[in-house]
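The primary structure of each chain is shown beneath.
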Amino acid sequence: MFVFVHLLRKIFITYTYKMKNLKNWMFALVMIFAATSAFSQNKVVGTVVDGEFQMGLPGATVVLKGTQNGVSTGRNGEFELKVSGDKGTVEVSFVGYQTKTIAFTIGANKIADLGKIVLSADEGMLDDIVIMGVADVAKDRKTPVAVSTIKAAQIQEKLGSQEFPELLNTTPSVYATKSGGGFGDSRINIRGFDQKNIAVMVNGMPINDMETSAVYWSNWAGLSDVTSAMQVQRGLGSSKLAISSIGGTINILTRTADARQGGSISAGVGNDSFFKGSASYNTGILENGFSASVLMSYNRGNGYVQGTNFEASNYFVGLGYRSKDAKHNLQFTFTGAPQTHGQRSTYTSIAESIAQGNDGDPNIRYNKDWGYLNGRMYNGKENYYHKPVMSLNYDWQINETTKLGAVVYGSWGRGGGASMNGRVVVGKDKDGKDITKYADGVLGTDGQLRVDDFVTYNQGIANPFGGPIRNGSINDNNSGITKLNSVNSHNWYGTVINLNKKLSENFTWDIGVDARTYKGYHFNNVSDLLGASGYKETGNLNYDKNGYIVTNTYGSKVSYNPWADKNNVGDVKYNNDGNVRWYGAFTQFEYSKNNFTAFIQGAISNQDFQRVDNFVQDGRTLDNFGKPLAEWKQQATTSWKSLLGGNVKGGVNYNINEHHNVFGNAGYYSKQPFFNGVYINNTNQLNPDLMNEKIFGVELGYGFRSTFFNANVNLYRTSWEDRIERKSVANPLKGTPGQRDNVNVQLNGLAQLHKGIEFDFNSRPIDKLTINGSFSYGDWNYTKDVKNAVLLDQDTNEVIIDPSTNNPLVKDLYLKDSKVGDAPQLTASLGLDYEVVTGLKFDGTYRFVDRLYSKIDVISASSTNYAGPIELPSFNLFDLGMTYTMKVGKEKKSSVVVRANVNNVFDTIYIAESNSSYRAGDSKATGKTWKGVDTGNQVWFGAGRTWNVTLRYNF
């Protein structure tokens, strides 16, 4: 094992894009072949098939009962198990199916042929790959929720160089995009709700950020390597916790240490210098009940979008113990994915993209957040982060009717994002005052940041931007261009404990607790002075008005140390901590008899919020310039603000017969707002309009199951009142000197109503052909206007002052009856998988997106004549894939797999999202259109054609 891992490590270090070290690969494969050879005299053979489709089940486990001697089935469900005795019993199992026990007797030919072994679907679906006590996995034809499940094999095949959430794009009412296009910057919507309002769980652990509820997929970039299955529950879902599952719940179930013995090694290449290598090994359960699993991967590339080069690693270590009486099961996991990547976080107008394109077509790769410094690429926007997670899961079968499940976990996030800060003087106005612009306001003729010119300007040598030469070489928040890090680190600890008691043959009771504590560290420091001799900070109230000069720089690189210091050296702009405490309890009663299942569930949570401003001096009443401070700004540490919330929900499922079932569910949530809805405007000011958000959802569903066709139909309705949210929107003052293109807006009292219908199916009309498809239609609208929306500077987080009135910039937004944007309200997909010959399979997927609207646009929505968001052009996308599997080794137990993917085969140009809704006649409109959309609109185009090829060896 150690020799094997050493060889893999050597391969990763020396591997280049041209695969120069092919000899090392071949030597590693030879070693693996030799290590996996075995010999025994008698054989048990057979074929394991699915009870519904009567097709072979690859990867099913066949074990000689009472021993650790076992094998996995091949691609068509076939297996060959070598045994020493003449009689015995084998146990045949597969994820999502009922385990079957079969006795055998060796014949005269030293073979026991068990023929076709049919496995039936298990109501406990997926429970055997997670700790049952804490992961709320929906069960087919039993749990009354709309659900879709993706298994590890599909993830390995379809992911390629895509982002993890993009795998779900063929699921009804799901929309995932690459967002700005940076590595791990993707996002996902379910039923029109963004991922801040989708609960994401890993083995029962909630991973939504404790302050913002966001999920940063770049922090979990290695998750796809260790996922056994991913289940999407649309709507309120089956989780017992009081979590933010308004749109749905994504349950990610990772590998466990007691996975079958074996391993894999893989390498993949793709467009734009993409490379990914990985290796894993599982010991299986040893005679003493212990087990271990380890995985390593490395990933790098230039990124499809300009200036989004990335480098990432992933590690996973799992240790397990299962007692001989199977009453105790312990699983320890430690995983992390340190990464650094360039970003495109500044929206680009269609006109800007066309200007950088050819023949009137937009350059969809264009990114104005990077440039050149001394002839080398320089990222103006970067993200670097390492979020290791350690967990201990425990499952205890106390007796035949009682079991306890628990998880204790900790997470230590370290890192942040870097961006260009400050301004340059480009001239004088008629009154002799400086005219200033931000870094992205003085782009070069190539549309990129003028980084070399920033250095010249900062040094006071010359002014390449047309204004006077600056006096001195000290930057500050408004003078000179400085690359600053916005650090967002945290320490997070929690536990979920669930006791499951079978009260009778039909009644089951669950009760448990969910406790978490979190401390977030938020501050700025200097990444790069770009030629300046220092940075002057005057906003720290612990110092006088003269402030201080900062000369230390920290760069923007991730630390690979899982327990790295939080780097609390926030010496510029701001430095604050966010403290959150969460105490929750839940209970659920379930009744199940024959074809009928019903449940009722309730959860309560108390969240405590506290904010600490490290740039405030306790008791100080005047700022650095002698102006009175607001009362809320006179104390560095706020008192704890406690908010009580919870939910109650219930549902029923009735199996009419073996083919038909119907279900319904309903639920009500009283949800606490996010941290920035409690303390507003990035200050210690408590929101005077603080209230819980109120969500009510109801859903009806129908399912059909047969030997060759399965289908589901769902109807849903979700209302959301008193929503508090902060959004990035187009700046109404865009074009005014000193103003950025985008600002944040604080919205209090949003109200929405989401209704829709969903349909999905899968079919196997002939032995080697599988067809699947989906359709969803939504009707999502805002139901109220929003009053007094406050606009905040994204750079300083201060309230923007309207120069025409010298008052805070506040807008009323006339949103009532307008469409909810940011996700399509009509989607459809169709997929085909066909095995041409044994081992060779082709697959294709078609997706259609329509009724996709722009996000909230403050500029347009503040007009009483607001016509609603603009509807973006519909689009069609095609993906193709090919898999070739070849059995190798003397006993054909190992395999070599080649997988190729081409996404967006026809290189379709399409708008994935828009941050504005300008129409002809609007002040920000250009009057020119592209596919019917005014070219002044700020958009992100989706990726064009991409490809990847992966070679995997499984042993």
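Note that the structure is a prediction, hence the values are computed from the model and not measured. (Residues numbered from 1 in each chain as written. Predicted model: local features only at pLDDT ≥ 70, side-chain atom pairs only at ≥ 80, totals over all residues. Heavy atoms only, no water.)

Asks: Break down the overall build of the chain for me, citing the residues and quoting the values.
Replies: Tallying secondary structure elements over the chain gives 8 helices and 54 strands in all. Its C-alpha radius of gyration of 29 Å places the chain within 12% of the 30 Å reference for a compact globule of 955 residues. Counting across all 955 residues of the chain, residues that qualify as buried make up 57%. Relative to all contacts within the chain whose residues are 6 or more apart in sequence, the contacts with residues 24 or more apart total 69%. Carbon and sulfur atoms provide 54% of the accessible area of the chain, an area that totals close to 38500 Å². (Helix = DSSP H or I, 4+ residues; strand = E, 2+ residues; numbered from the N terminus. Rg over C-alpha atoms; globule rule 2.2 N^0.38 Å. Buried < 20%, exposed > 50% of the residue type's maximum accessible area, 1.4 Å probe, protein only. Contact = heavy atoms within 4.5 Å. Areas by Shrake-Rupley, 256 points an atom, 1.4 Å probe, with all protein chains shown as cover.)

Asks: Lay out the side chain of D760 in plain terms, naming residues and giving numbers.
Replies: With respect to the helices and strands, the residue D760 is situated in strand β39 (residues 742–766). It is R234 that comes nearest to the buried, bridge-free D760 among opposite-charge side chains, at 4.1 Å. Not counting residues within four places of it along the chain, the set of residues in contact with D760 comprises P172, R234, N710, A711, N712, G773 and S774. (Lys, Arg positive; Asp, Glu negative; His and termini not counted. Salt bridge = Lys/Arg side-chain N within 4 Å of Asp/Glu carboxyl O.)

Asks: So what's going on with the nonpolar core? Residues and values would help.
Replies: In this structure, F164, L168, I188, M230, I250 and I252 are the most contacted members of the largest nonpolar core, which totals 47 residues. Among the elements that make up this core, the one with the highest residue count is strand β11 (residues 198–202) (5 residues). Beyond its immediate chain neighbours, meaning those up to four positions away, I188 contacts P165, L168, V174, Y175, A176, F193, D194, Q195, I198, W217 and I250. With 41 residues, the next largest nonpolar core counts L733, V786, A823 and I870 among its residues. (Core = buried A, V, L, I, M, F, W, Y, C linked by side-chain atoms within 4.5 Å.)

Asks: Hey, could you go over empty space enclosed by the protein for me, with residue numbers and the actual values?
Replies: Applying the stated criterion across every chain yields a total of 11 cavities of 30 Å³ or more. Estimates place the volume of the largest cavity at around 310 Å³. Lining the largest cavity are 26 residues, and of these S213, I243, S244, W582 and Q607 lie nearest its centre. Of all the secondary-structure elements, those providing two or more residues to the lining of the largest cavity are β11, β34 (596–613) and β36 (660–671). Of the residues in the lining of the largest cavity, the class split is 13 nonpolar, 9 polar and 4 charged. (1 Å grid on protein atoms, 1.4 Å probe; cavity = no way out; pocket = protein on both sides within 12 Å on 5 of 7 lines; lining within 4 Å. Points joined across faces, edges and corners; volume = space filled by probe spheres on them. Nonpolar A, V, L, I, M, F, W, Y, C, P; charged D, E, K, R; others polar.)

Asks: Tell me about helix α6 (residues 451–459), and name the residues and values.
Replies: All buried positions along α6 are accounted for by V451, F454, V455, Y457 and N458. Projected down its long axis, α6 carries its buried residues within an arc of 165°, all on one side. Residues of α6 that are buried sit in contact with β22 (370–373), β23 (376–379), β26 (402–428), β28 (474–475) and β29 (480–502). G460, located one to two residues past α6, shows a positive phi value of around 75°. (Arc of directions from axis to C-beta.)

Asks: Can you explain the pattern of salt bridges? Please cite residues and give values.
Replies: Evaluated as defined, the whole model comprises 29 salt bridges. Between E166 and K178 there is a salt bridge, with its nearest N and O atoms 2.8 Å apart. Taken together, the positions of E166 in the loop between α3 (152–158) and β9 (174–177) and K178 in the loop between β9 and β10 (187–190) put the pair 12 residues apart, joining distant regions of the chain. Between K841 and D833 there is a salt bridge, with the nearest N and O atoms lying 3.7 Å from each other. For K841, a relative accessible area of 13% corresponds to the buried category. The buried category is assigned to D833, whose relative accessible area is 13%. Via salt bridges that share partners, R187, D822, K855 and E913 belong to a single interconnected network.

Asks: Can you break down the pairing of strand β31 (residues 534–537) residue by residue, with the values?
Replies: Note: β28 against β31, 2 bridges, orientation parallel. When the bridges of β31 are listed, I474 appears paired with G534. In terms of strand pairing, β31 meets strand β32 (residues 548–550) through 3 bridges, oriented antiparallel. Pairing of K536 across the sheet is with I549, part of β32. (Pairing = 2+ DSSP bridges.)

Asks: Residues and numbers for unusual backbone geometry, please.
Replies: One non-glycine residue, K110, lies in the positive phi region at around 65°. Positioned with a positive phi, L530 is a non-glycine residue whose angle comes to about 50°. Position of L530 among the secondary structure elements: in the loop between β30 (507–528) and β31. Assessed through its relative accessible area of 2%, L530 is described here as buried.

Asks: Pulling in residues and values, what's your account of the confidence of the model for the chain?
Replies: The share of residues in the chain with pLDDT of 70 or more is 91%, and the mean pLDDT across the chain is 88. pLDDT under 50 marks residues 1–40. Its contacts with residues more than four places away, or in other chains, come to 52 contacts. Long-range and interchain partners of residues 123–132, a stretch whose pLDDT sits below 50, account for 39 contacts in this model, where long-range means more than four residues apart. (pLDDT = per-residue confidence, 0-100.)

Asks: Help me get a handle on the packing of aromatic side chains, residues and values and all.
Replies: By the definition in use, this model includes 27 aromatic pairs. Ring geometry for F193 versus W720: centroids 5.5 Å apart, planes at 55°, classification tilted. Placement of the pair is F193 in the loop between β10 and β11 and W720 in strand β38 (residues 709–730), with a sequence separation of 527 residues. Of the two residues, F193 and W720, neither departs from the other in class, the shared state being buried. In this structure, R365 packs its charged tip against the face of Y304, placed 3.8 Å from the ring centre. R581 extends its terminal NZ or CZ atom over the ring of W640, reaching a point 3.7 Å from the ring centre. (Phe/Tyr/Trp six-rings, centres within 6.5 Å; stacked < 30°, edge-to-face > 60°. Lys NZ or Arg CZ within 6 Å of the ring centre and 35° of its normal.)

Asks: Residues and numbers for the pairing of β9, please.
Replies: Of the two faces of β9, the one lined by V174 and A176 and the one lined by Y175 and T177 are each fully buried. Here β9 runs beside β10; their pairing, made up of 4 bridges, is antiparallel. Bridging across to β10, Y175 finds its partner in N189.

Asks: Would you mind going over the environment of P172 in detail, with residue names and values included?
Replies: One can find P172 in the loop between α3 and β9. The spacing of P172 and E758 is 586 residues in sequence and 5.9 Å in space, taken between C-alpha atoms. Beyond its immediate stretch of four places on either side in the chain, P172 contacts S148, R234, E758, F759, D760, S774, F775 and S776.

Asks: Tell me about the sheet that holds β28, residues and numbers included.
Replies: Reading across from one edge, β28-β31-β32 is the order of the 3 strands in this open sheet, with mixed pairing throughout. On the outer flanks of this sheet lie β28 and β32, each paired with one strand and no other.

Asks: Just give me the short version of the sheet that holds strand β7 (residues 111–119), but keep the residues and values in it.
Replies: Taken together, 3 strands build an open sheet; the order of strands is β4-β1-β7 and the sheet is mixed. Looking at the sheet topology across the chains shown, the edges are occupied by β4 (78–83) and β7. Each neighbouring strand pair of the sheet contributes to a mean axis angle of 20°, computed without reference to strand direction. Pairing between strand β1 (residues 42–50) and β4: 6 bridges, direction antiparallel. In the sheet register, V45 faces β4, and the bridge partner there is E80. (Axes fitted to C-alpha atoms, helices over the stretch in contact; angles between N-to-C directions.)

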